[in-house]
Amino acid sequence: MQKESELSFHIIGRFKLSGSITEMKEEIGLVVKKANMELLKRGAPKGCGAEIVKWDIDDDVLTVDIKSDRHVRAHDALLRLRKPLANALGKHRVGIRGIEIEKFTIQVPTEGPFKEFKIPFVKHMHHKDGKISLALEVTESHIEDKIPDRIITLIMEKIAAQHYGGKDEHWKLLWSSKEKAPKFTGDPTQELINRKWIRHFARGQWIYGPQITKVFRAFEHIIEREILNPLGYQEMILPKAVTWDVWKRSGHAKAIYPEMYYICPPKTRDPEYWEEVMDYYKITNDIPLDMIREKIGAPIGGLCYAQCPPAWMFFKGETIADDEFPIRFFDRSGTSHRYESGGIHGIERLDEFHRIEVVWMGSPEQVIEGANKLHDAYAHIFNDMLDLQWRRVEVTPWFMAQEGLAGKAENEGVGTTDYEAYLPYKKGWLEFQNVSINGDKYPKGFNVKLQSKGEFWSGCSGIGLERWGAAFFAQKGLDPDDWPNKFRKIVGELPDVFKFL
């Protein structure tokens, strides 16, 4: 793993000036000497910081060569020089027009094998003798915008991911039910198709007939009766077309791109602009995708991926009274969408799926208590009502996984618990439920505060109807006579409809 304390920086910058400073060598020398003694050491431990190792004047250009450790990074040191330099030059009516970066290299230590990758603003990288050498191509404004620091953070995350990639994903068994004899051992999706309870619609999408829909409604009834109503959750309706600003704040913008369905608006609604597209279809009965591609704008965001982030726009920038907590709400107003690539399978892994998203927020103690109540409620449902063989495990937090990170959360109490059901036909396990304590991730991302200025946490739990169905049908089959009595009574009689010839 990399050690941040061993980071080193080297930058050569040119101050472009409004006049010649050839006669000001002595004054510039004093600025450099004082900066090396004080300004470029400020905030660093003794013996650490940045240093101007060389400087040169060429008419109206001052070139400085700076080396540093991580405590006062060389690019920050370059910016620190602007004020004292401007003060010295100002006495001679010379100003600073800007800074050009001639050379900027960073060395990041790492251990073990390293696979090179492409990073924006990095011209090239080289790995040798346990160090990654980066050559950056950046401007003054990039330095002001902290681009080099974000590059370093990203490099460290990628190094950590490569190191972690050789291990199994974080997984720790917390509890497991007894092994139960299955009532069914076939592929539930194939049986659903055979019985015409479902019909394939498009990639990762199904049409659900009246029978399975009634089972889904029974799941919802149980969730309302055992979780939402007794625990005091209020219903909200959240947007399902999610804009970039939400995902930037939630953290999803770091890694969502391969899995999202993009939303691109038309460049104009003017029918005349679209006339050739309409005419082409009328003549050929084919959709002219290339023509359409030219007439739509850049993506404004994408379809709902993680259900709860849009809710935080309701609270963004607000300060909430302490006596309002804990706040509890849920959303079930529409579908979620993820491009699953080769991972699509039956009703258990889809591009379009139906969820009830449960969210709660408050102090750390209130959020942990809310998670424990959900754990108790889920255990009651899965044991006493659905009679499933299942287990509860600690895994890499979902919000870290969706940002391309691995391992465990740093804060104690923050993390994701997965519920896994045994699939007899696969002789394997399916994650079909989760509970996450997200810590202060969303309150910080959306700038939401407590009146008391205390710690503000949140949690979420996505209840996927298809996942519940996949787990239940895999173990109990599709014959209601094989279902637990409590659940069968809630479902009632299944409709006998749509007899195809």
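Criteria and cut-off values
Residues numbered from 1 in each chain as written. Predicted model: local features only at pLDDT ≥ 70, side-chain atom pairs only at ≥ 80, totals over all residues. Heavy atoms only, no water. Axes fitted to C-alpha atoms, helices over the stretch in contact; angles between N-to-C directions. Helix = DSSP H or I, 4+ residues; strand = E, 2+ residues; numbered from the N terminus. Parallel < 35°, antiparallel > 145°, perpendicular 65-115°, else oblique. Contact = heavy atoms within 4.5 Å. Nonpolar A, V, L, I, M, F, W, Y, C, P; charged D, E, K, R; others polar. Core = buried A, V, L, I, M, F, W, Y, C linked by side-chain atoms within 4.5 Å. Buried < 20%, exposed > 50% of the residue type's maximum accessible area, 1.4 Å probe, protein only. Patch = residues over 30% accessible without salt bridge, like charges linked within 9 Å, V, L, I, M, F, W, Y side chains within 5 Å. Areas by Shrake-Rupley, 256 points an atom, 1.4 Å probe, with all protein chains shown as cover. Salt bridge = Lys/Arg side-chain N within 4 Å of Asp/Glu carboxyl O. 1 Å grid on protein atoms, 1.4 Å probe; cavity = no way out; pocket = protein on both sides within 12 Å on 5 of 7 lines; lining within 4 Å. Points joined across faces, edges and corners; volume = space filled by probe spheres on them.

For the rest of this paragraph, the subject is the packing of helix α7 (residues 210-228) against helix α15 (residues 465-476). Relative orientation of the contacting elements α7 and α15 amounts to 105°, with a least axis distance of 10 Å. By the angle between their axes, α7 is roughly perpendicular relative to α15. Residues Ile212, Val215, Phe216, Phe219, Glu220 and Ile223 of α7 touch α15, and the partners they reach there are Leu465, Glu466, Trp468, Gly469, Phe472 and Phe473. Residues belonging to the contact of α7 with α15 are distributed by class as follows: 9 nonpolar, 1 polar and 2 charged.

Time to look at the nonpolar core. One finds Phe382, Leu386, Trp468, Phe473 and Phe487 to be the most contacted residues of the largest nonpolar core, which totals 58 residues. Sequence-distant contacts of Leu386, defined by excluding residues within four places in its chain, comprise Phe219, Ile222, Ile381, Trp468, Phe472, Lys476, Pro484 and Phe487. Val32, Ala44, Leu62 and Ile101 belong to the second-largest nonpolar core, a separate cluster that totals 49 residues.

So, on to a nonpolar patch on the surface. Together, Tyr281, Ile287 and Leu289 make up a nonpolar patch on the protein surface, roughly 310 Å² of accessible area in all. Considering the arrangement of structural elements, one finds Leu289 in helix α10 (residues 289-295). Overall, Leu289 belongs to the exposed group, its relative accessible area being 55%.

As for its placement among the helices and strands, Glu357 is situated in strand β17 (residues 352-362). Taking relative accessible area as the criterion, Glu357 reaches 5% and is therefore assigned buried.

Here we take up empty space enclosed by the protein. This model, assessed by the stated rule, comprises 1 cavity of 30 Å³ or more. The space that makes up the largest cavity amounts to roughly 50 Å³. As for the largest cavity, its lining consists of Phe15, Ile28, Val31, Val32, Ile52, Leu62, Val64, Leu81 and Leu85. When contributions to the lining of the largest cavity are tallied by element, the ones reaching two or more residues are α1 (25-39) and β3 (61-68). In terms of residue count, the dominant contributor to the lining of the largest cavity is α1 (3 residues). Grouping the amino acids of the lining of the largest cavity by side-chain chemistry returns 9 nonpolar, no polar and no charged.

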